[in-house]
Amino acid sequence: MAFFNGGPFPAAWRIKMVEKIHPSTTRDRERWIANAGYNLFKLRSEQVFIDLLTDSGTGSMSNLQWAASWKGDETYAGSSSIFRLSSKVKALFGFEHMYPVHQGRAAENVLLSVLVKKGNIVPGNSHFDTTRAHIEFRQAKAVDCPIHEALDINNSHPFKGNVNVHKLEQMIEMHQGNVPLILLTVTCNKTGGQPVSLDNMRRVKRIAMKYNIPVVFDAARFAENAWFIQDREPGYSNKTIEEIVAEMHQYADAMMMSAKKDALVNAGGILAMRSEELFKQCSDYIILFEGFPDYGGMTGRDMDALAEGLNEATAQEHLDHRIGQVRLLGEKLTRAGIPVQQPIGGHCVVIDAQAFLPLVPREEFPAQTLAIELYLEAGVRAVEIGTLMNGRDPTTGEHRYPKMEFMRLAIPRRVYMNEHLDVVARALIDIYGRRNVIQRGFEILEEAKVLRHFTIQLARAGKARPSISST
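Residues numbered from 1 in each chain as written. Predicted model: local features only at pLDDT ≥ 70, side-chain atom pairs only at ≥ 80, totals over all residues. Heavy atoms only, no water.

A.B. asks: I'm lost on the nonpolar core in this one. Help?
C.D. replies: The nonpolar side chains of soluble globular proteins are, as a tendency, buried together. The biggest cluster of nonpolar side chains holds 62 residues, and the ones touching the most others in it are Phe-93, Met-201, Phe-222 and Leu-310. What Leu-310 contacts, discounting residues up to four positions off in sequence, is Leu-85, Lys-88, Val-89, Leu-92, Phe-93, Phe-222, Ala-263 and Ile-270. Within the second largest apolar cluster, 49 residues are counted, among which are Val-340, Phe-356, Leu-370 and Leu-409. (Core = buried A, V, L, I, M, F, W, Y, C linked by side-chain atoms within 4.5 Å. Buried < 20%, exposed > 50% of the residue type's maximum accessible area, 1.4 Å probe, protein only. Contact = heavy atoms within 4.5 Å.)

A.B. asks: Which parts of the structure should I look at to understand the sheet that holds strand S11 (residues 348-352)?
C.D. replies: Whether parallel or antiparallel, the strands of a sheet pair through hydrogen bonds between backbone atoms. Ordered in space as S11-S14-S13, the three strands form an open sheet in which the pairing is antiparallel. Every interior strand has two partners, whereas the edge strands, S11 and strand S13 (383-385), have only one. Neighbour-to-neighbour, the strand axes of this sheet turn through a mean angle of 35°, independent of strand direction. Relative to strand S14 (residues 406-410), S13 runs antiparallel, the two sharing three bridges. Considered in S14, the bridge of Glu-384 is made with Met-407. (Pairing = 2+ DSSP bridges. Helix = DSSP H or I, 4+ residues; strand = E, 2+ residues; numbered from the N terminus. Axes fitted to C-alpha atoms, helices over the stretch in contact; angles between N-to-C directions.)

A.B. asks: Mind showing me how you'd approach the pairing of S14 here?
C.D. replies: With five of five residues buried, S14 lies mostly within the body of the structure. Alternating residues of S14 divide into Phe-406, Arg-408 and Ala-410 and Met-407 and Leu-409, and every residue in both groups is buried. Two strands pair when backbone bridges link them, and S11 and S14 are joined in this way by five bridges, in the antiparallel orientation. By the bridge assignment, Ile-351 is partnered in S14 with Met-407.

A.B. asks: Could you clarify how one ought to interpret unusual backbone geometry in this entry?
C.D. replies: One can expect most non-glycine residues to show negative phi and most peptide bonds to be in trans. With an omega of -15°, the peptide bond running from Val-186 to Thr-187 counts as cis. By secondary structure assignment, the location of Thr-187 is in the loop between strand S7 (182-185) and helix H7 (198-211). Cis geometry is found at the peptide bond from Gln-342 to Pro-343, where omega equals -15°. With respect to the helices, strands and loops of the structure, Pro-343 is situated in the loop between helix H12 (316-335) and S11. Positive phi, normally seen in glycine, also occurs at Arg-414, with a value near 60°. Mapped onto the elements, Arg-414 comes out in the loop between S14 and helix H16 (418-433).

By themselves, these are just geometric observations and shouldn't be taken as functional.
Spelled out as structure tokens, the structure:
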């Protein structure tokens, strides 16, 4: 982290336009969350004071991005916007071929439609929710291969997003001929925005080449991962972010990206690859699911805003402040004794909800319980990354209890001031002070078979289903 006159690097931007956010009373919030079936995804934006549900599509675009959007060419075929975007993707990541898509899961849908078949095994560092769902939808199996330190919150391993290469190779040996790709998520969202080292990327690539398996990056937070390499990996402190990004992607054969994270736009994504044959195979699915290949799922103005966003995403001063702001929040919580994943990640702070609320039974979803408590305390919306998000085993129908029940505080880019995050910290410290009073969680009333956490209906455990009143 860079320093400015002895203190944290200040924001490398100033505010030109503001948007009102809405304080509320505890009584209001109690009614709203009950009417939402205790599902934080179902709250309306005006019912949330500080929104840390996700960093996806929630950031602020710059004046240069808005200016670039006016160059947008909305021609159906042969738009100049796609050439500007593809030129930037090639220069930054080194991929010869790319398609624009409407968001990251669209890239997953297209690429996995080509590569993944029934019965396949797809290993990676740790698959996040939509990636796992796309794999399982194709009746394949997603296998996480994290390092042992990844989910030990008190272990300060600098690269907790790394793949356990021994487990990876064992998995490939066991399923030779049935592993269509290796998926590396940089940074690793499921473990709290933890980075992957370049050394680990090289090791994964060597294994992939040995067995002739393509390596695919989920590169939604590529710039934050590059910043951590610059900060922590020997030999890279004098490299620029752009140089590190280019080296990272030498070890990937293809890349899926939600541009709604590090690339600083509110909509859009990228599917890029080296192989012309794979590019041609993806074309049918792009046309079927997204649109004509020259625009995919994006408008011309969105593509031009994205091209500029890729420039800004790799700016040193932007990343110094962005990651520094997340770290400041994490350090305040750590000093208060709150069990936080160490070291602090790039886009979020994750809290061990089981340790925070030790009296809430695991089958009553402690991470969701903590997220509800935080909303009731201060109007702050966070998200559960635990049993609810992990879903049920497709074969047995039983809950898939993960090793950790995390609650994630995802910080939008260029949106909140440090004073807002002070409100979050104070609220969590107050809840932590009364944690032993919180002894019950929630039970499921209704759930979907796929990605249930988005639409699930819950009730307080041990209580009758609440009546639903109008807002």
